[in-house]
Amino acid sequence: MYNCGLALVHCPLNKLSSRVIVSLNEARSCVRQVLYIKVDKLTSPLDSPSSESVATNPDEDNLSYVPYIYRAASHYTPNLDVRVLLKEKFNAFQYKPEILLTNYDQTSSKVSQILDDYQPIEFKHIQCDDDALQDEMEIEIAKEPPPRYDHVCLGGTFDGLHDGHKVLLSEAIIRSRQSLTVGVTDVNMLKKKLLWELIRSTSERIDIVKKFVQDVFDDIHYKIVPINDPFGPAIEDEKLGCIVVSEETSKGAVKINEIRSERKMKPLDTVTIKIVVNEHRMTDFEEVKVSSSSLRIGKLGKLRNPPRTYSGEGPYLIGLTGGIASGKTSVCEQLRALGAGVINADTVAHETYQTPDSPGYSTLIDVFGPEIVDKMTMNIDRKELGAKVFSDPAKLAKLNSIIWPLTQKAIEERVSQLQSAHKVIVVEAALLIEADWHKKGIFHQIWVTIIPPDEAIKRLKDRNNLNEEDAKKRISSQLDNWTRVQSANVVFSSEWDHNFTRLQCEKAWNSLKEFVNLG
């Protein structure tokens, strides 16, 4: 398998669909990550694959086929980063091609030049039985080239660059003569999106878009900017002539033109793009379209950051944390069933102070007063203690400073007891990040569970019989999901059914095989 490939397609206009499909299918068997596709001039039906003649198609600048190649890629090669090249020069790629797939003969001067430029690069000649593919997906080519504008704009989140994004960007690029302005939504516009905590930073997403558009076509000027509202430069730049939107965001274009009209600006011509259908959905709650939210769902249970190096000695330790009611217990049950040893840090912590013979018992009474003691059992009343600390950050911090060191010592003793029976031990600790345990080299990986705050409040009300106000206080007293995710090697969400939580856990458990022998 090669990390990057280049497919060079030379064909008559009426054979483009079959040649692209063959290229995608060939790439699927030998390319792992990135595939560049270059349609080397749409020719007359008489030209052969060895021909060096200039294209005879009068509409050689008609690039309306480009978005349909991305739609075909979504169908045939959903796991490849496909990039349709619009520039003529085979240079300055972001990724270096390692194999050339083409229906040109190897003796062609064009092929020879590519083989010389990208040494060492493999050559693979591809054949195409056009008749066998006549019922496959047809690539649509407009009779006339799409109208072009000096300045075009579009906007989006661009979290991960999927084929839907590439359709939007390519539709905009082929309409642009001079410049393309791309608005990338900034942080304050993201918090209502599904699993927004997994979205890359604005600067990362801008960089991803910039590298992609320059990779495929570098003959126009790109302005890629963060936007803090749904309109961005579209209501400010008088030179803009066209906006490209998806079916879902077409109402936004209407509103933009209303604002431009109020400001005495020329309205933008609107190009509305159909969604790219997600034909490879793994779950019913993924979107019907190819989308960033579906990609984020797919990241659950996957390794997102490299773990701490494991020497092979002792158990492989995983710290599992998350907000209250986020599903930590459910994840632990799944991991225990898969073979992990599990330690509940909260249970251990309670044992460090709850009874009169516990090491932290007297200290907590001295600090928080005798009223935290249950007069019947003489144990510390956790409900009374919680009422004192959860609404007072200073008192909560004081409690943690007393309990955490005692808890850490007790956990180390539990690990020693479990390591003979378990190669992987999971320590469930709600306050793992707050205690800075993630920075102390205790764990090889940090796993985090998240759910939306509204769902956490609902669960607290149902599970703990709390009213709305008290549930919100509990949620607001803890770290937010975003902060926890920044320290995570793996993220889970229990927002959906138990079966999907199980699938996430199995995915994460299987990824451990790369680092530890699970037998």
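Right, let's walk through the structure included here.

With 14 residues, helix α16 (residues 498–511) should reach 20 Å at 1.5 Å per residue; the first-to-last C-alpha distance of 20 Å fits that figure. Lining the buried residues of α16 we find α7 (292–299), α8 (328–338), β13 (424–428), β14 (445–450) and β15 (490–493). A side-chain oxygen of the first residue of α16 lies 3.1 Å from the backbone nitrogen of Asn-499; this N-cap is Asp-497.

Before going further, it helps to examine the sheet that holds strand β9 (residues 242–246). Taking strand neighbours across the sheet as the criterion, the 5 strands line up as β8-β7-β6-β9-β10 in an open arrangement whose pairing is parallel. Bordering the open sheet on either side are β8 (221–227) and β10 (269–273), each of which pairs with just one other strand. Strand-to-strand twist of the sheet, defined as the mean angle between neighbouring strand axes without regard to direction, takes the value 20 degrees. Of the pairings in the sheet, the one linking strand β6 (residues 149–156) to β9 comprises 2 bridges and is parallel in character. Paired with Val-152 across the strands is Cys-242, a residue of β9. Across the sheet, helix α5 (residues 202–216) lies against β7 (176–185) and β8, angled at about 160 degrees from β8, the strand it touches most.

Among the nonpolar cores identified, the biggest contains 58 residues, and Leu-24, Leu-35, Leu-154, Leu-169, Leu-180, Val-182 and Val-244 are the most heavily contacted of them. Residue contributions to this core peak at 7 residues, all from helix α1 (residues 16–30). Ignoring sequence-local partners within four residues, the contact set of Leu-169 consists of Leu-154, Phe-158, Leu-161, Val-182, Val-209, Phe-212 and Val-213. Of all hydrophobic cores here, the second largest spans 28 residues; its members include Val-348, Val-427, Trp-437 and Val-485.

On to the packing of helix α2 (residues 66–76) against helix α4 (residues 163–173), then. Taken N-terminus to C-terminus, the directions of α2 and α4 make an angle of 175 degrees; their axes are 9 Å apart at the nearest point. Overall, the two elements α2 and α4 adopt an arrangement that is roughly antiparallel. Together, Val-66, Pro-67, Tyr-70, Arg-71, Ala-73 and Ser-74 of α2 and Asp-163, Lys-166, Val-167, Ser-170 and Glu-171 of α4 make up the contact between the two elements.

The subject of this paragraph is the packing of aromatic side chains. If you walk through the whole model with that rule in mind, you get 7 aromatic pairs. Both rings, one in Phe-285 and one in Phe-500, keep their centres 4.8 Å apart while their planes meet at 70 degrees; by these two values the pair is edge-to-face. Of this pair, Phe-285 sits in the loop between β10 and α7 while Phe-500 sits in helix α16, and the two are 215 residues apart along the sequence. Taking the relative accessible area as the measure of exposure, Phe-500 reaches 8% and is therefore buried. Within the aromatic cluster, the residues linked to one another by ring pairs are Tyr-36, Phe-93 and Tyr-118.

Taken together, the 4 bridges between strand β4 (residues 99–102) and strand β5 (residues 122–125) define a ladder with parallel strand orientation. Across the sheet, Leu-100 pairs through a bridge with Phe-123, a residue of β5. Considered for its hand, the β-α-β crossover made up of β4, helix α3 (residues 109–117) and β5 is right-handed.

For the rest of this paragraph, the subject is the sheet that holds β15. Reading across from one edge, β12-β13-β11-β14-β15 is the order of the 5 strands in this open sheet, with parallel pairing throughout. Edge strands, defined here as strands with exactly one partner in the open sheet, are β12 (341–344) and β15. Direction aside, the axes of adjacent strands within the sheet are offset by 25 degrees on average. Relative to β13, strand β11 (residues 316–322) runs parallel, the two sharing 5 bridges. Pairing of Gly-319 across the sheet is with Val-427, part of β13.

Summarising the element assignment, Ser-292 is placed in helix α7. Of the polar contacts made by the side chain of Ser-292, one reaches the backbone oxygen of Asp-159; its length is 2.9 Å. Apart from residues no more than four positions distant in its own chain, Ser-292 is found in contact with Asp-159, Gly-160, His-162 and His-165.

Moving on, we get to helix α10 (residues 361–368). Those residues of α10 that sit buried are Tyr-361, Leu-364 and Phe-368. Considered in projection along α10, the buried side chains sweep an arc of 70 degrees and stay on one side of the axis. On its buried side, α10 packs onto α11 (382–389) and α12 (393–418).

With that out of the way, let us pick up unusual backbone geometry. Glycine aside, a negative phi is what most residues show, and trans is what most peptide bonds show. Cis peptide bonds are those with omega within 30 degrees of zero, and the linkage from Gln-119 to Pro-120 qualifies with -10 degrees. With phi around 55 degrees, Phe-158 is a residue other than glycine that occupies positive phi space. Counting through the fold element by element, Phe-158 comes out in the loop between β6 and α4. The phi angle at Asp-436 is positive, at roughly 60 degrees, despite the residue not being glycine. Take Asp-436: it is sitting in the loop between β13 and β14. A relative accessible area of 34% places Asp-436 in the partly exposed class.

We now examine the environment of Asn-464. With respect to the helices and strands, Asn-464 occurs in helix α13 (residues 453–464). Residues Asn-464 and His-151 lie 313 residues apart in sequence; the distance between their C-alpha atoms is 57 Å. Among all residues touching Asn-464, those that are not within four sequence positions of it are Arg-459 and Arg-474. Only 2.8 Å separates the side chain of Asn-464 from the side chain of Arg-463, close enough to count as a polar contact.

Put simply, side chains in a regular strand alternate between the two faces of the sheet. Bridge count for β7 against β8 is 7 bridges, and the pairing is parallel. By the bridge assignment, Ser-179 is partnered in β8 with His-221. Read from β7 through α5 to β8, the crossover connection turns out right-handed.

About the thresholds
Residues numbered from 1 in each chain as written. Predicted model: local features only at pLDDT ≥ 70, side-chain atom pairs only at ≥ 80, totals over all residues. Heavy atoms only, no water. Helix = DSSP H or I, 4+ residues; strand = E, 2+ residues; numbered from the N terminus. Expected span 1.5 Å × (residues − 1). Contact = heavy atoms within 4.5 Å. Polar contact = N/O pair within 3.5 Å; in protein donor to acceptor, adjacent residues only side chain to side chain. Pairing = 2+ DSSP bridges. Axes fitted to C-alpha atoms, helices over the stretch in contact; angles between N-to-C directions. Core = buried A, V, L, I, M, F, W, Y, C linked by side-chain atoms within 4.5 Å. Buried < 20%, exposed > 50% of the residue type's maximum accessible area, 1.4 Å probe, protein only. Parallel < 35°, antiparallel > 145°, perpendicular 65-115°, else oblique. Phe/Tyr/Trp six-rings, centres within 6.5 Å; stacked < 30°, edge-to-face > 60°. Right-handed = clockwise from strand over helix to strand, strands pointing away. Arc of directions from axis to C-beta.

None of this, on its own, says anything about what the molecule does.
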